[in-house]
Amino acid sequence: MGMLDISVMKRYIRMADDGWHQGWHERNGGNVTYRLTKEEVEQMRPFFDAQPRPWVNMGVTGANLAGEYFISTGSGKFFRNVILDPEDSLCIVEINEAGDSYRIVWGLKNGGRPTSEFPSHFMNHSVRVAATNGACRVIYHAHPANVIALTYVLELTDREFSRVLWKSATECPVVFPGGVGVVPWMVPGGADIALATCEKMKKYEAAIWAHHGLFVSGPDFDTTFGLMHTIEKSAQIYVLAMSCGQGIRQTIKDDELRAIAKEFGVQLREEFLD
Ligand code: 13P
Ligand code: ZN
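The following refers to the structure shown. Residue positions within a chain follow its written sequence, with the count starting from 1. Written order decides the labels, with chains lettered from A and ligands numbered from 1. The predicted origin of the model limits local features to residues at a pLDDT of at least 70 and limits the giving and counting of side-chain atom pairs to 80 or more, whereas totals for whole chains, interfaces and linings rest on all residues. Derived side-chain values reflect all non-hydrogen atoms in the structure, with water molecules and hydrogen atoms excluded from consideration.

### Side note on the coordination of the zinc ion (ligand 2)
Item 1. Protein-derived ligands of the zinc ion (ligand 2) are H141 (NE2), H143 (NE2) and H212 (NE2), with the metal-ligand distances lying across 2.1 Å.
Item 2. Each donor residue of the zinc ion (ligand 2) lies on the same chain, and together they follow the pattern H-x1-H-x68-H. In this structure, H141 and H143 share a single accessibility class: buried. Water is not among the atoms examined, so metal sites may look incomplete; donors are the N, O and S atoms within 2.8 Å of the metal, or within 3.2 Å for Na, K and Ca. Exposed residues in this analysis have more than 50% of their type's maximum accessible area, buried residues have under 20%, and partly exposed residues fall in between, with area computed by a 1.4 Å probe over protein chains only.

Below is the structure:
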């Protein structure tokens, strides 16, 4: 029994590999973080390094995440390689009692640091943990091509993207009835994009980063991966339909969206409907 035999590690690695096979992770594109349960931390503790690495200040604070542990992809690491050598590509970090610093307790055996988007992940875990009464555990960022393509042609508003995505596949209003947020183009990796994304994630489970990618959250790997997959598939259908060259002749009407919501017992964000 080793670290890689622990169920949550296996499921994390599978999700990274699934993302690679979807084509969402060219080179080092994308990152994923998972907030471990207390039981999972105790399962893993025997395999932690004898000497944790030094504390690193994050430049952001999440007081409700003090003392938590996360699995993270390493900055510059390729999703394609996670399955081959998880201990080189991944790390486990511990958060300090002030909620403003991390230290690596396992992984990145050849050196490195957690994803450059760790401030965004961390701040958004903080927001989503608060918004979901502690249910949120996964934050996932990827570079799915169709979602990115739409950020060149649609108006960059939450309303416009939510409506197009809801109407491009019938299941969408059921999967993300709250809609999606849109963050304008920003320099990746810093506190600014972290804070702008947080503003969106107070309301939504997903935020589109213009000309960059998609950022989603959820309570487990399946739901979070499924949200990424559903949004990207919907974007792909819209791109395919528009590629036929005659525009959209017919689509799902607003009252039909309301009918789906009623049937499936979900609350659509009414302000996005006509
Ligand atoms: P990292 O390799 O640091 O995770 O960065 C990849 C990325 O997608 C940045 O937005
Ligand atoms: Zn990115």
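### Here's the deal with the site of ligand 1
Item 1. Near ligand 1, the surroundings consist of N28, G29, G30, N31, S75, G76, T115, S116, E117, H141, H143 and H212.
Item 2. The backbone of G30 places a nitrogen or oxygen atom 2.9 Å from an oxygen atom of ligand 1.
Item 3. Between ligand 1 and the protein, one listed contact pairs an oxygen atom with a side-chain N or O atom of E117 at 2.6 Å.
Item 4. Per-residue accessibility takes into account occlusion by the displayed protein chains alone, with areas from the Shrake-Rupley method and a 1.4 Å probe. Considered on its own, ligand 1 offers 300 Å² of accessible surface; in the complex 92% of this is hidden by protein. We call a residue near a molecule or strand as soon as one heavy atom of that residue lies within 4 Å of the molecule or strand. Any pair of N or O atoms that falls within 3.5 Å is considered a polar contact. Within protein, one atom must be able to donate a hydrogen and the other to accept it, and sequence-neighbouring residues count only if both atoms are side-chain atoms.

### Examining unusual backbone geometry
Item 1. Of note in the backbone geometry, R27 takes a positive phi value of approximately 50° without being a glycine.
Item 2. Position of R27 among the secondary structure elements: in the loop between α1 (7-22) and β1 (31-35).
Item 3. Look at R27 and you get exposed, because its relative accessible area is 57%.
Item 4. The phi dihedral of H211 is positive, around 60°, even though this residue is not glycine.
Item 5. Secondary structure elements are taken from DSSP: a helix is a run of H or I of four residues or more, a strand is a run of E of two residues or more, and numbering for both begins at the N terminus. By secondary structure assignment, the location of H211 is in the loop between β8 (206-209) and β9 (213-218).

### Focus: the side chain of T73
Item 1. Looking at the element boundaries, T73 is found in strand β3 (residues 69-73).
Item 2. We call two residues in contact whenever any of their non-hydrogen atoms come within 4.5 Å of each other. Aside from chain neighbours lying at most four places away, what touches T73 is Y12, N31, V32, F79, S89, L90, P114 and T115.

### Things to note about α1
Item 1. Along its 16 residues, α1 runs 23 Å from first to last C-alpha, staying within 8% of the 22 Å computed at 1.5 Å per residue.
Item 2. Every buried residue of α1 is listed here: V8, M9, Y12, I13, M15, A16, D17 and G19.
Item 3. Two residues or fewer past α1, G23 is found with a positive phi of approximately 85°. Expected helix span is computed as 1.5 Å times (number of residues minus one).

### Observations concerning the packing of aromatic side chains
Item 1. Two rings from Phe, Tyr or Trp (for Trp, the six-membered ring) form a pair when their centres are within 6.5 Å of each other. A pair whose planes differ by under 30 degrees is stacked, one over 60 is edge-to-face, and the rest are tilted. In this structure the tally under the stated criterion is 13 aromatic pairs.
Item 2. When the centroid spacing of 6.1 Å and the interplanar angle of 85° are considered together, the rings of F70 and F118 count as edge-to-face. In this pair, F70 sits in strand β3 while F118 sits in helix α5 (residues 118-131), placing the two residues 48 residues apart along the sequence.
Item 3. Residue classification places F118 among the buried positions, given a relative accessible area of 3%.
Item 4. On the numbers, 6.3 Å between centres and 70° between planes, the contact of F70 with F122 is edge-to-face. One end of the pair, F70, is in strand β3; the other, F122, is in helix α5, and 52 residues separate them in sequence.
Item 5. The class of F122 is buried, set by a relative accessible area of 0%.
Item 6. Connected via pairs of aromatic rings, a cluster forms that spans F70, Y102, F118 and F122.

Everything listed is a geometric property; what it means functionally is a separate question.
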